[in-house]
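What follows is the residue order along each chain.
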Amino acid sequence: MGKLSVLFFISFYTIGNAGSGSHSLWALATYISGETPFPEFTVVVMLDDVQVAYYDSNMKHFIYRGHNTSDKIHDDLAQDGAYVFGIIYQSMKERSFHLKHHLNLTEGVQVQQRMSGCEMLDNGEPALIMFKETFNGIFVDHAIFNSMTHFTYDSGTLLVGYYGIRQAYEKALFENVLLPICIKSLKRFLKREKNIVMRKVPPRLRLIKKEVSGGFQVSCLAFGFYPRHINLTLLRDGQPVAEQELTGGEVLPSGDGTYQLRKSLEVSTGELKKRHNYTCTAFHLSLDNKLDVSWESGAERVHLSTLSVLLVMLLILILLGIFICVKRRWRCTASHLKLVNIDAKA
């Protein structure tokens, strides 16, 4: 997957997911105008968070990148992909021309990226079809056909000509052409990759206490889970801590196909004296019930103080033992020398 497509996917992934009971298929397209060593047009296809296909304007054919690489891609699936990619290619090329003219950009490299795709509920019903677009890193276009009941369109300030008939055309194209193709392709990819994207790996949960200047940092860490959707909450005396008090909170890949999430709270010395009880609670698709772990502030310092006293006492006992052993050995050595001297005189 290209670096630009990866960044674009990370930026938009949480926007384009209807919830834990859905699956999505996204085409992440990059169009580059100007001289570069890269293809003019590339597409990375993602099933949920797993790459399943690739296409670029140099090779001009659909490449399957899933886990079952020995399986043959059906001709009609490849044709559907090439047809949709052709629509995206021409649309992005046209849009790039208008935007460069609108912004008076005549030289240099210009990059346009688009994420377009659909979501499907577990019951097979379409949930969403959407596209979002950036031009040179600026959000410039956004269209959503959501829940099959209404169409939301939100143009950025840089766009021109996207109103009236054009909006109606986009809606008809999405609803009658692109959505059926996308849902059909999603079902086929889901059947091929179900062992990967439909697996459920439960999270492991840790409550980490770290002493910092002026108090403690309490962190909830959930890791090793799949899929990526998780509800992780830090409770203080049974009540959720406000999100604005926390740092972190972004779900990140762990590098082994699972995900991790950390939320942290700074606990001052004054708060420690109140001996609050902190609890990390996690809800996940793989769990029948919630998973939680707790810690009482203040008790940690009492425990550490007690442990310190015990360690000091243990060290004193060890030193005392060493002193007694050395003293006994010295006495034995002195007695032995005395006997040797008596024998010598005799």
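Calculation criteria
Residues numbered from 1 in each chain as written. Predicted model: local features only at pLDDT ≥ 70, side-chain atom pairs only at ≥ 80, totals over all residues. Heavy atoms only, no water. Helix = DSSP H or I, 4+ residues; strand = E, 2+ residues; numbered from the N terminus. Buried < 20%, exposed > 50% of the residue type's maximum accessible area, 1.4 Å probe, protein only. Contact = heavy atoms within 4.5 Å. Areas by Shrake-Rupley, 256 points an atom, 1.4 Å probe, with all protein chains shown as cover. Disulfide = S-S within 2.5 Å. Salt bridge = Lys/Arg side-chain N within 4 Å of Asp/Glu carboxyl O. Pairing = 2+ DSSP bridges. Polar contact = N/O pair within 3.5 Å; in protein donor to acceptor, adjacent residues only side chain to side chain.

- The chain has the name Ig-like domain-containing protein in an unreviewed UniProt entry, where Oncorhynchus tshawytscha is given as its organism.

### A few points about the overall build of the chain
In step 1: For the chain, the helix and strand inventory stands at five helices and 17 strands.
In step 2: Of all 346 residues assigned to the chain, the portion counted as buried reaches 41%.
In step 3: Residue pairs in contact within the chain that sit at least 24 positions apart in sequence constitute 58% of those at least 6 positions apart.
In step 4: When the accessible surface of the chain is split by element, carbon and sulfur atoms take 57% of a total near 19,800 Å².

### Notes on the state of the cysteines
In step 1: As enumerated under the stated definition, the model contains two disulfides in all.
In step 2: One disulfide bridge connects Cys118 with Cys182, the sulfur atoms lying 2.1 Å from each other. Negative torsions about the S-S bond denote left-handed disulfides, and the value of about -90° found for Cys118 with Cys182 makes this one left-handed. One end of the pair, Cys118, is in strand 5 (residues 110–121); the other, Cys182, is in helix 3 (residues 165–197), with 64 residues separating them in the sequence.

### Thoughts on the pattern of salt bridges
Should the charged atoms of two oppositely charged side chains come close, the side chains can pair.
In step 1: The final tally for this structure, using the stated rule, is four salt bridges.
In step 2: Close ionic contact of Glu133 with Arg114 constitutes a salt bridge, the shortest N to O distance being 2.4 Å. Placement of Glu133 in strand 6 (residues 126–135) and of Arg114 in strand 5 is noted, with a sequence separation of 19 residues between them.
In step 3: Given a relative accessible area of 0%, Glu133 falls into the buried group.
In step 4: The exposure class of Arg114 is buried, given its relative accessible area of 7%.
In step 5: Arg236 is paired through a salt bridge with Glu245; the nearest N and O atoms lie 3.5 Å apart.
In step 6: Residue Arg236 is classed as partly exposed on the basis of its relative accessible area, which comes to 23%.
In step 7: Since its relative accessible area comes to 38%, Glu245 is described here as partly exposed.

### Focus: the sheet that holds strand 16 (residues 277–284)
Neighbouring strands of a sheet are bound in pairs by backbone hydrogen bonds; such pairs are parallel or else antiparallel.
In step 1: One open sheet holds the four strands; their spatial order is 12-11-16-17, and the pairing between them is antiparallel. Two strands bound the open sheet, and with one partner strand each, they are strand 12 (239–240) and strand 17 (291–296).
In step 2: In the sheet, strand 11 (residues 230–236) pairs with strand 16 via seven bridges, with the strands oriented antiparallel. When the sheet's bridge partners are listed, Thr233 is paired in strand 16 with Thr281.

### Description of the side chain of Gln113
In step 1: With respect to the helices, strands and loops of the structure, Gln113 is situated in strand 5.
In step 2: Residue Gln113 is classed as buried on the basis of its relative accessible area, which comes to 10%.
In step 3: A distance of 3.2 Å separates polar atoms of two side chains, one belonging to Gln113 and the other to Thr30.

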